[in-house]
There are 2 protein chains.
Amino acid sequence: VRIGKTTKKALTFGRRGMGLEEEINLANTYYLANQLAVIHKKPTPITIVKVDYPARSAAKITEAYFKQASTTDYNGVYQGRYIDFDAKETKNKTSFPLKNFHEHQIAHLAHVLAQNGIGFVIIKFTTRDETFVYPAKHLIKQWQLRQGKQSIPYLEIARDSFRVPNSLNPSLDYLKAVDQYFQQLD
Amino acid sequence: VRIGKTTKKALTFGRRGMGLEEEINLANTYYLANQLAVIHKKPTPITIVKVDYPARSAAKITEAYFKQASTTDYNGVYQGRYIDFDAKETKNKTSFPLKNFHEHQIAHLAHVLAQNGIGFVIIKFTTRDETFVYPAKHLIKQWQLRQGKQSIPYLEIARDSFRVPNSLNPSLDYLKAVDQYFQQLD
Ligand SMILES: [Mg+2]
Ligand SMILES: [Mg+2]
């Protein structure tokens, strides 16, 4: 494969339309297959009201509602450490609006840190095509400072984060940024 | 509260009919409220086929199906360690049938161990009213030995497990057994 401007364009094109969560799921599949980490997205929480049990076929849920999640979307284990994070993307170029978070997600990440877990958010600035592993301690500080409103300036996120490097396979090799985070912790 | 035969009977009576998962969920709520651990049950995985969006009310799922889980039911962080487990109960007195497990659960626990996570099963013998934290390494060995069929004798589970002690609040204080497991690991 010739790595150059054309390949980079093709890559960007290939990823166009692929959401951040989809990229993370592909990375997780790659990590699991290569025994690098065991990280899964949690199923969407749902309240089931009615279920039909037709003869000779699978149970069919006929009435259910989406429920507010009480945790983040992803967790798992990497190099013996508990990993917990959510994924957020924004088209905004200069800041990240805090309204993208729910209070319970911030509380959950604070609980994780209190148990010596590794908590963060993967933030993607889509128009910049830049993705960051932003440690929960900074997010919590910003949330308290701005009382859950307003936005975190891009420059502060870039300063306090670990940037996810460009990569071919997986296309979003976010554990590379987590490695740098671990180095800072040790 | 007078702790004696009467209280013990009342407790047993109070817990009668409460499933193992319900007891674990109550323990997790207690652990979270007392900042002892952050452990959650994962939502039931579902494939959503049809959703109605009625005006002025919540989105309503009108067709969905249960999906096979690819992991265990519970995970989280305790004292900086990644914890991952499933809960199983049996009315059987002398052995635990391996058909209670799916191959993918065994594979998932093996992946967790390979990442230095803590994997186990909480096994309850309901007629004995005895509950064990049974480390995944023993489960995996038994699964291979018996090729996913047959049963694990009660005596072998009791020998290789950490017994969950009787307790008032939470009624199933399974982290006490996990503490003993950690002591053996250190
Ligand atoms: Mg999310
Ligand atoms: Mg289960």
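Draft legend 1. Region of interest: the environment of Tyr134(B). Residue and element names in this part refer to chain B. Position of Tyr 134 among the secondary structure elements: in strand β8 (residues 130-135). Once the C-alpha coordinates of Tyr 134 and Arg 163 are considered, the two residues, 29 residues apart in sequence, prove to be 8.5 Å apart. Setting aside chain neighbours within four positions, we find Tyr 134 in contact with Phe 120, Val 121, Ile 123, Leu 139, Gln 142, Ile 152, Ile 157, Asp 160 and Ser 161.

Draft legend 2. Geometry of the interface of chain B and chain A. The partner chain A presents 37 residues to the 37 residues of chain B that form the contact. For the pair chain B and chain A, the summed buried surface comes to about 3000 Å²; carbon and sulfur atoms form 68% of the total. Considering only the side of chain B, the residues that lose the most area to chain A are Ile61(B), Tyr82(B) and Gln115(B), jointly responsible for 22% of the buried surface there. Here chain B and chain A share 11 residue pairs in polar contact (both at pLDDT 80 or more) between them. Those elements that place two or more of their residues in the side of chain B that touches chain A are β1 (38-41), β2 (46-52), β3 (60-66), β4 (74-78) and α3 (103-114) of chain B. Of all the elements, β3(B) adds the most residues to the side of chain B that touches chain A, at 7 residues. Class assignment for the residues of the side of chain B that touches chain A results in 19 nonpolar, 15 polar and 3 charged. Here 4 bridges tie strand β3 (residues 60-66) of chain A to β3(B), and the two strands are oriented antiparallel to one another. Considered in β3(B), the bridge of Tyr65(A) is made with Lys60(B).

Draft legend 3. Representation of the sheet that holds strand β10 (residues 162-163) of chain A. Residues and elements named next belong to chain A. Strand order in this open sheet of 6 strands is β1-β4-β5-β7-β8-β10, and the pairing throughout is mixed. On the outer flanks of this sheet lie β1 (38-41) and β10, each paired with one strand and no other. In the packing of helix α6 (residues 174-185) onto the sheet, contacts are made with β1, β4 (74-78), β5 (81-90), β7 (118-125), β8 (130-135) and β10, and the angle to β7 comes to roughly 135°.

Draft legend 4. Seen up close, the coordination of the magnesium ion (ligand 2). Residue and element names in this part refer to chain B. Within the first shell, the magnesium ion (ligand 2) binds the protein through Asp 73 (OD) and Asp 86 (OD), at distances of 2.4 to 2.6 Å. Placement of the pair is Asp 73 in the loop between β3 and β4 and Asp 86 in strand β5 (residues 81-90), with a sequence separation of 13 residues. Take Asp 73 and Asp 86: they sit in the same class, and that class is buried.

Reading the values: rules and limits
- By convention here, each chain's residues receive numbers from 1 onward along its written sequence.
- Written order decides the labels, with chains lettered from A and ligands numbered from 1.
- Under the rules for a predicted model, residues below a pLDDT of 70 receive no local features and side-chain atom pairs below 80 are neither given nor counted, while totals for whole chains, interfaces and linings still include all residues.
- Side-chain calculation: all heavy atoms of the structure are included, whereas hydrogens and water are not.
- Only DSSP runs of H or I with at least four residues qualify as helices, and only runs of E with at least two residues qualify as strands; both kinds are numbered from the N terminus onward.
- By the convention used here, residues are in contact when the closest approach between their heavy atoms is within 4.5 Å.
- Summed over both partners, the accessible area lost on bringing two parts together, with a 1.4 Å probe, is the buried area.
- Whenever two N or O atoms come within 3.5 Å, that pair is a polar contact, provided that in protein one can donate a hydrogen and the other can accept it, and provided that, for residues adjacent in sequence, both atoms are side-chain atoms.
- In the scheme used here, Gly and all other residues not listed as nonpolar or charged are polar, with Ala, Val, Leu, Ile, Met, Phe, Trp, Tyr, Cys and Pro taken as nonpolar and Asp, Glu, Lys and Arg as charged.
- Note on pairing: two strands pair once DSSP finds at least 2 bridges between them.
- To obtain an axis, a line is fitted to C-alpha atoms, over the contacting stretch when the element is a helix, and the angle between two such axes runs from 0 to 180 degrees between their N-to-C directions.
- Donor atoms (N, O, S) are those found within 2.8 Å of the metal centre, with the cutoff raised to 3.2 Å for Na, K and Ca; water is not part of the atom list, so apparent gaps in a site can occur.
- The classification of residues rests on relative accessible area computed with a 1.4 Å probe and restricted to protein chains. Under 20% of the type maximum is buried, over 50% is exposed, and intermediate values are partly exposed.

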